[in-house]
Amino acid sequence: PKKVRVQAVVAGFNTDAAHKTVSLVLDGKVLESKQVDVPANGRAQVEFLSLESPYGFHRGEVRVDSSDQLPNDDRFPFAVERADPNRILFVHQPGQGRDLLYFKTALESAAQAGFVVEPVMVEQAAGQSLSKYPFVVLSDLGPLPSVFDDNLRAYVNNGGSVLIALGPASAASRTVPVFNEPILGTRYASREGDRFQTVASTDPEYPSVRGTNRLEGVQFYQTINVQPGNSRVAAKLTDDTPLLLEKHIGEGRVVVFASTFDNLANDFPLHTSFLPFIEQTARYLGGQQDHSSNLAVDDFVELRSAKDRGAAADVIDPHGKHLLTLNEASTVQSFKVTEDGFYEVRRANGRAELVAVHADRRESDLAAIPGETLDLWRNTGRGTGDGTSATAESGARPWSLWRYALFLVLLIGLAESLLAARYLSVEKEAA
């Protein structure tokens, strides 16, 4: 957005109480300065509301006035970009607006999701140029028009992403569109049995379910049972129905949510976990979690994906020097940043970015390692120091018998050869 709130924490390691001036800098210009009192060996927080930038990439920095012997930790560089939000294509059926309402409200209310939902009816989707969208949402659609289905498959094979929500209309299809796995049926929660299903297990490493408390408490009344095949199952219900699945197809990915977003087949939109689920899924499918523009020294910058093989990349260090050779520019997968400052990076997909690299703040703690810790490290692998190692070394050692076994096999082979030669010579004389 145009204006951004910046929060910084000033920390002291083995320091006395101090009064510091903290400044917010953008492109070399000081925007604002504030005074902060840092307690002895403690920390204090300062907040700026004046970060306002034009479109494009900018070099930001938070500075602390200091005259100590570690100047590198008195500044924290960060890279920011102001850009228009990405547009998401949301394809739905006529007369079904609840799913669009909940999805759009959740995504556009996220703090920095950077997405705007563009709804379209399924009959009009065939005329859309899918390449301009970072990902496409299919909300409870039946069989797709052939032209739109072909466009979607080409879009995914070329690196696009699709999020599919399944509902009653989807059950009319034999397979999940683009996902290419069969639909086995519909699961209903009846009054006679379990009135609803809940999430039984989740993959904690999957981006969509991080920070959602494992979707605890969400009640599902109707789900679509999809055969997983070779897809990744990120969440399952108590009746073992896969709830969240992902499959890589070509250079893209397809994520299937086996229910709807309309608050009819479940009460998911009414839970606090709905907003982070939608936001993190959008960031994941939109490629915003693949890399970061703010790194620590010795981190790696990703330069290409599998679909970008052969395309040239470029890295310019804080001193303006190109760091990749011609061969590396077309082959290297990632690059290690070795000093703090700003790196200009052009990835193999043509995306140009500004990456800020800062010193690891743990290096600012110069407290000496305790003597007992050093003693433990020095004695690692040397025994307990009470004579146990010496006793073990002077004790009996097991003898290996493999040499004797090999010698015995060799003798048997020689004896067999001698007997065979003698037998053959006797047969020859008899003949």
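Preceding this paragraph is the structure being described.
These numbers were taken from a predicted model, which means no experiment stands behind them.

Asks: Would you mind showing me how to read the overall build of the protein chain here?
Replies: Broken down by element type, the protein chain carries seven helices and 22 strands. Across the 431 residues that make up the protein chain, the buried fraction comes to 38%. The contacts of the protein chain with a sequence gap of at least 6 include a subset with a gap of at least 24, amounting to 66%. Carbon and sulfur atoms make up 52% of the accessible area of the protein chain, which amounts to about 24,700 Å² in all.

Asks: Explanation requested: the sheet that holds strand β12 (residues 199-202) in the structure shown.
Replies: Sheet strands associate in pairs through backbone hydrogen bonding, adopting either a parallel or an antiparallel arrangement. The strand order across the open sheet formed by eight strands is β8-β7-β9-β10-β16-β15-β14-β12, and the pairing between neighbours is mixed. Whereas interior strands pair on both sides, the edge strands pair on one side only; in this sheet they are β8 (115-121) and β12. When the angles between neighbouring strand axes are averaged without regard to direction, this sheet yields 20°. Direction of pairing for strand β14 (residues 232-237) relative to strand β15 (residues 242-249): antiparallel, over a ladder of four bridges. Along β15, the bridge assignment pairs Ala 235 with Leu 244. Contacts between helix α2 (residues 146-157) and the sheet are confined to β7 (86-92), β9 (135-139), β10 (161-165), β15 and β16 (252-257), with β9 contributing the most and set at about 140° to the helix.

Asks: Would you mind showing me how to read unusual backbone geometry here?
Replies: Among all residues save glycine, negative phi is the norm, and among peptide bonds the norm is trans. One non-glycine residue, Asn 14, adopts positive backbone phi at about 55°. One can find Asn 14 in the loop between β1 (3-11) and β2 (18-26). According to the relative accessible area criterion, Asn 14 is exposed, its value standing at 55%. Unlike most non-glycine residues, Asp 27 shows phi in positive territory, near 55°. Relative to the helices and strands, Asp 27 resides in the loop between β2 and β3 (29-38).

Asks: Would you take a moment to explain the pattern of salt bridges for this structure?
Replies: Charged atoms that come close allow side chains of opposite charge to pair. What the rule picks out here adds up to 18 salt bridges. The salt bridge involving Arg 59 is made with Glu 344; its shortest N-O contact spans 3.3 Å. Here Arg 59, found in strand β5 (residues 56-64), pairs with Glu 344, found in strand β21 (residues 341-346); they are 285 residues apart in sequence, far enough to count as distant. Judged by relative accessible area, which is 34%, Arg 59 ranks as partly exposed. Glu 344 gets classed as partly exposed once you look at its relative accessible area, which sits at 38%. With a shortest N-O distance of 2.9 Å, Arg 153 and Asp 149 are connected by a salt bridge. Pair noted here: Arg 153 and Asp 149 are both in helix α2, with a separation of four residues, about one helical turn. We classify Arg 153 as partly exposed; its relative accessible area is 29%. We classify Asp 149 as buried; its relative accessible area is 16%.

Asks: Looking at this structure, I do not really get the packing of aromatic side chains. What am I missing?
Replies: The description of an aromatic ring pair uses the distance of the two centres, along with the angle that the planes make with each other. Enumeration according to the criterion identifies 11 aromatic pairs in this entry. For the pair Phe 90 and Phe 103, a centre-to-centre distance of 5.3 Å together with 45° between the ring planes defines the contact as tilted. Here Phe 90 is found in strand β7, whereas its partner Phe 103 is found in helix α1 (residues 98-109), with 13 residues between them in sequence. Overall, Phe 103 belongs to the buried group, its relative accessible area being 1%.

Asks: It is not clear to me how the sheet that holds strand β6 (residues 75-82) should be interpreted in this structure. Could you clarify?
Replies: Within the open sheet, the four strands sit side by side as β3-β2-β5-β6. Their pairing is antiparallel. The two strands at the open ends of the sheet, each matched to only one other strand, are β3 and β6. On average, adjacent strands in this sheet sit at an angle of 20° to one another, irrespective of strand direction. Pairing between β5 and β6: eight bridges, direction antiparallel. In the strand pairing of β6, Arg 63 is matched with Arg 75.

Asks: How should a nonpolar patch on the surface be read in this particular structure?
Replies: Taken together, the side chains of Phe 407, Leu 410, Leu 411 and Leu 414 define a hydrophobic patch exposed on the protein surface, amounting to about 410 Å² of accessible area. Given a relative accessible area of 51%, Phe 407 falls into the exposed group.

Rules of the game
- Residues numbered from 1 in each chain as written.
- Predicted model: local features only at pLDDT ≥ 70, side-chain atom pairs only at ≥ 80, totals over all residues.
- Heavy atoms only, no water.
- Helix = DSSP H or I, 4+ residues; strand = E, 2+ residues; numbered from the N terminus.
- Buried < 20%, exposed > 50% of the residue type's maximum accessible area, 1.4 Å probe, protein only.
- Contact = heavy atoms within 4.5 Å.
- Areas by Shrake-Rupley, 256 points an atom, 1.4 Å probe, with all protein chains shown as cover.
- Pairing = 2+ DSSP bridges.
- Axes fitted to C-alpha atoms, helices over the stretch in contact; angles between N-to-C directions.
- Salt bridge = Lys/Arg side-chain N within 4 Å of Asp/Glu carboxyl O.
- Phe/Tyr/Trp six-rings, centres within 6.5 Å; stacked < 30°, edge-to-face > 60°.
- Patch = residues over 30% accessible without salt bridge, like charges linked within 9 Å, V, L, I, M, F, W, Y side chains within 5 Å.

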